[in-house]
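# Fold and geometry: a report
Below, each chain spelled out in residue letters.
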Amino acid sequence: DAGITQSPRYKITETGRQVTLMCHQTWSHSYMFWYRQDLGHGLRLIYYSAAADITDKGEVPDGYVVSRSKTENFPLTLESATRSQTSVYFCASSEWGEGVNEQFFGPGTRLTVL
Amino acid sequence: AQTVTQSQPEMSVQEAETVTLSCTYDTSESDYYLFWYKQPPSRQMILVIRQEAYKQQNATENRFSVNFQKAAKSFSLKISDSQLGDAAMYFCAYRSARYGGSQGNLIFGKGTKLSVKP
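Residues numbered from 1 in each chain as written. Chains lettered and ligands numbered in written order. Predicted model: local features only at pLDDT ≥ 70, side-chain atom pairs only at ≥ 80, totals over all residues. Heavy atoms only, no water.

Residues and elements named next belong to chain A. A full pass over the atoms with the stated rule returns 17 aromatic pairs over all chains. A ring pair is formed by Y31 and F33, whose centres lie 5.6 Å apart and whose planes are at 10°; its orientation type is stacked. On the accessibility criterion, Y31 (2% relative accessible area) is buried. For F33, a relative accessible area of 0% translates into the label buried. (Phe/Tyr/Trp six-rings, centres within 6.5 Å; stacked < 30°, edge-to-face > 60°. Buried < 20%, exposed > 50% of the residue type's maximum accessible area, 1.4 Å probe, protein only.)

Next up on the list: the interface of chain A and chain B. Taken together, the 28 residues of chain A in the interface contact 22 residues of chain B. For the pair chain A and chain B, the two sides together bury roughly 2,100 Å², of which 52% comes from carbon and sulfur. Looking only at chain A, the three residues that lose the most surface to chain B are L43(A), V100(A) and F105(A), adding up to 27% of its buried area. Remark: the boundary between chain A and chain B carries one salt bridge. Note that R50(B) and E102(A) form a salt bridge whose closest N and O atoms lie 3.8 Å from each other. In this structure, the connection of chain A to chain B is made through four residue pairs in polar contact (both at pLDDT 80 or more). For the side of chain A that touches chain B, the secondary-structure elements that each account for two or more residues are strand 4 (31-38), strand 5 (42-51), strand 9 (87-94) and strand 11 (109-113) of chain A. Across the side of chain A that touches chain B, the residue classes tally to 13 nonpolar, 11 polar and four charged. (Contact = heavy atoms within 4.5 Å. Buried area = accessible area lost by both parts, 1.4 Å probe. Salt bridge = Lys/Arg side-chain N within 4 Å of Asp/Glu carboxyl O. Polar contact = N/O pair within 3.5 Å; in protein donor to acceptor, adjacent residues only side chain to side chain. Helix = DSSP H or I, 4+ residues; strand = E, 2+ residues; numbered from the N terminus. Nonpolar A, V, L, I, M, F, W, Y, C, P; charged D, E, K, R; others polar.)

Now the structure itself:
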């Protein structure tokens, strides 16, 4: 199916474990983004990628690692999960270049770190 | 750095009535885009309406319209004839019109939770 998907949709893990959240888009968009959503903070950018093999930090990158070996995939890894990383995570993608380039969002992953 | 402020954490409206959600932003740029996103309980982020800063005319999408005041850096969302399905979290967002590097990033406000009373 065309669009942007995230997996898993729900994840419970324990402090100190490694967790990888997956994001896949079928539009061949250049840009991809990871946000976290917390009460009282709205959505905050963790990392973004302008193209395959090009990634950069956003507002709240500490504790997260990303990679982008293929245009369509942008996994987010929590190398050693902490309780403060309990959140809802959104992946998004958009075109690159002039114009509005609307960001399209995945359905989100609710992560709970115990 | 650009910032987006939504000063109303929660709002309530009677079904069929009109409600206005406020958003202000701060930027030194002259060309940019502004967005309103809706997030219903399903969590899906849905683009409601967008405004290009170079356009003086306020954007309208069916029952949704904006009041864009560029000099005041204000971007409010008006929902007319409110329906139960409008109940959601609403986020205002800013994006630079420049592209490349971090320019494509959205900057979000903290959101306004809208309740619709039957």
